[in-house]
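Listed below, chain by chain, are the residues.
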Amino acid sequence: MSGAVTDVATGAGVKDLRRLLAPASGGGEGAGGAAPFTLLLVHHAGGSAAAFAPFARRFPADWRVLAADLPGRLMAPGEPLCRSSREAVTFLVPRLRPLLTGPWAVFGHSMGALLAFETARALAREGTPPVWAGLSAAPAPGHRQDDDRRHLWPRERLTAFLRDLGGTPDDVFAMPDVLDGMLRVLRGDLAVVDTYRRHPGPPLDVPLTVFTGRDDAVATAATAAPWREQTTAATTYRSWPGGHFYLFDHVAGVCDTIAREADAARAALR
């Protein structure tokens, strides 16, 4: 993808993936010019909206597909990073508020699951809840298996962690300048995850779908199961072969599941 979207139609910090990938085609539009159904995607620690580029065209054509981009990465490397979940939610909510004029859903992966959950709660308190939330590869609040402060690790240990986690091309580790930039962003995002505590307030009142990789040591089925305590609606569980970044090996299947479950939740409200 090229260029940060900063115009009023998409909002700073939020990318309209379809417009970015094919500007002439525009984004999804609702029937008769009505507000479209919007899916918001929230990236993992160290990632960006660009991670979801393979997903953009796999959702229904009349959907608008937005992706959050926290500051300080890719197109805005000089911006201060968010250092807590509260800072991240405070950054996202005002940028999303004018865009969510119709029904919407949210899917977040890893760190993105925590931010998707808390952003959904913040907007729900304002009267704009999502119809569905998909939470991927994240332990439920209070169920992380360790208390490591990974954002304080020395460079060598953080580099080894990045390599072991997977999802980063081997070539990156041979490019010191690129690796330094990635580690800066990862360190800031890990501060968001490592200091995360559930924000005060009531649970969501929307259906959740919890996604896990069967070999994921970060978010196991057991640590993800208590997400059901975070909503008064139904919780569904979906498991996929693979580790922490399982979804990038199963793009079509994951997108089909998101579309099917978001549609079912939306239909239940009609």
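Higher on the page you've got the structure.
Please read all numbers here as calculations on a predicted model, not as lab measurements. (Residues numbered from 1 in each chain as written. Predicted model: local features only at pLDDT ≥ 70, side-chain atom pairs only at ≥ 80, totals over all residues. Heavy atoms only, no water.)

Visitor: What am I meant to see in the overall build of the protein here?
Guide: Along the protein, the regular secondary structure elements total seven helices and seven strands. Along the protein, helices and strands appear, N-terminal first, in the series β-α-β-β-α-β-α-β-α-α-β-α-β-α. By the burial criterion, 51% of the 270 residues in the protein qualify as buried. Here the contacts in the protein between residues at least 6 apart in sequence split such that 78% fall between residues at least 24 apart. A total accessible area of about 11700 Å² is found for the protein, and carbon and sulfur atoms account for 55% of it. (Helix = DSSP H or I, 4+ residues; strand = E, 2+ residues; numbered from the N terminus. Buried < 20%, exposed > 50% of the residue type's maximum accessible area, 1.4 Å probe, protein only. Contact = heavy atoms within 4.5 Å. Areas by Shrake-Rupley, 256 points an atom, 1.4 Å probe, with all protein chains shown as cover.)

Visitor: Just checking my understanding: could you explain the nonpolar core for this structure?
Guide: Among the nonpolar cores identified, the biggest contains 50 residues, and Leu40, Val106 and Trp227 are the most heavily contacted of them. Per element, the largest residue contribution to this core is nine residues, and it comes from helix H3 (residues 111–125). When sequence neighbours within four positions are dropped, the list of residues in contact with Val106 reads Leu39, Leu40, Val42, Ala116, Ala120, Trp132, Ala133 and Gly134. Among the nonpolar cores identified, the runner-up in size contains 28 residues, and Phe37, Phe59, Phe107 and Val131 belong to it. (Core = buried A, V, L, I, M, F, W, Y, C linked by side-chain atoms within 4.5 Å.)

Visitor: Can you help me understand the packing of aromatic side chains in this one?
Guide: Any aromatic ring pair is given by two values, namely how distant the centres are and how the planes are angled relative to each other. Counted by the stated rule, this structure contains eight aromatic pairs. Aromatic side chains Phe55 and Phe248 sit 5.9 Å apart centroid to centroid with 90° between the ring planes, which places their arrangement in the edge-to-face category. Highlighted residues: Phe55 in the loop between strand E2 (37–42) and strand E3 (63–68) and Phe248 in the loop between strand E7 (235–240) and helix H7 (251–268), separated in sequence by 193 residues. For the ring pair Phe117 and Trp227, a centre distance of 5.1 Å and an interplane angle of 70° mean the geometry is edge-to-face. Here Trp227 lies in the loop between helix H6 (221–224) and E7 and Phe117 lies in helix H3, a separation of 110 residues in the sequence. The class of Trp227 is buried, set by a relative accessible area of 0%. Members of the aromatic cluster, each reached through a chain of ring pairs, are Phe52, Phe55, Phe245 and Phe248. (Phe/Tyr/Trp six-rings, centres within 6.5 Å; stacked < 30°, edge-to-face > 60°.)

Visitor: Honestly, the environment of Leu269 in this entry has me stumped. Any pointers?
Guide: Position of Leu269 among the secondary structure elements: in the segment after H7. Sequence-wise, Leu269 and Val131 are 138 residues apart; in three dimensions their C-alpha atoms are separated by 8.0 Å.

Visitor: Honestly, the packing of helix H4 (residues 155–165) against helix H5 (residues 176–194) in this entry has me stumped. Any pointers?
Guide: For any two helices packed against each other, one specifies the crossing angle of their axes together with the interaxial distance. One can describe the packing of H4 onto H5 by two numbers: an axis separation of 11 Å at closest approach and a directional angle of 90°. Here H4 is positioned roughly perpendicular relative to H5, judged by the angle of their axes. Listed contacts from H5 to Arg155, Leu158, Thr159, Phe161 and Leu162 of H4 are Pro176, Leu179, Asp180, Met182, Leu183, Leu186, Arg187 and Leu190. For the contact of H4 with H5, the class distribution of residues is nine nonpolar, one polar and three charged. (Axes fitted to C-alpha atoms, helices over the stretch in contact; angles between N-to-C directions. Parallel < 35°, antiparallel > 145°, perpendicular 65-115°, else oblique. Nonpolar A, V, L, I, M, F, W, Y, C, P; charged D, E, K, R; others polar.)

Visitor: Just to check I follow, could you spell out H5 for this structure?
Guide: Think of an α-helix as 3.6 residues a turn; residues three or four steps apart then line up on the same face. Compared with an ideal rise of 1.5 Å per residue, which puts 19 residues at 27 Å, H5 spans 25 Å between its outermost C-alpha atoms and is within 8% of the ideal. All buried positions along H5 are accounted for by Leu179, Leu183, Val185, Leu186, Gly188, Asp189, Leu190, Ala191, Val192, Val193 and Asp194. Where H5 is buried, its residues meet helix H2 (85–96), H3 and H4. (Expected span 1.5 Å × (residues − 1).)

Distances and angles like these do not, on their own, reveal function.
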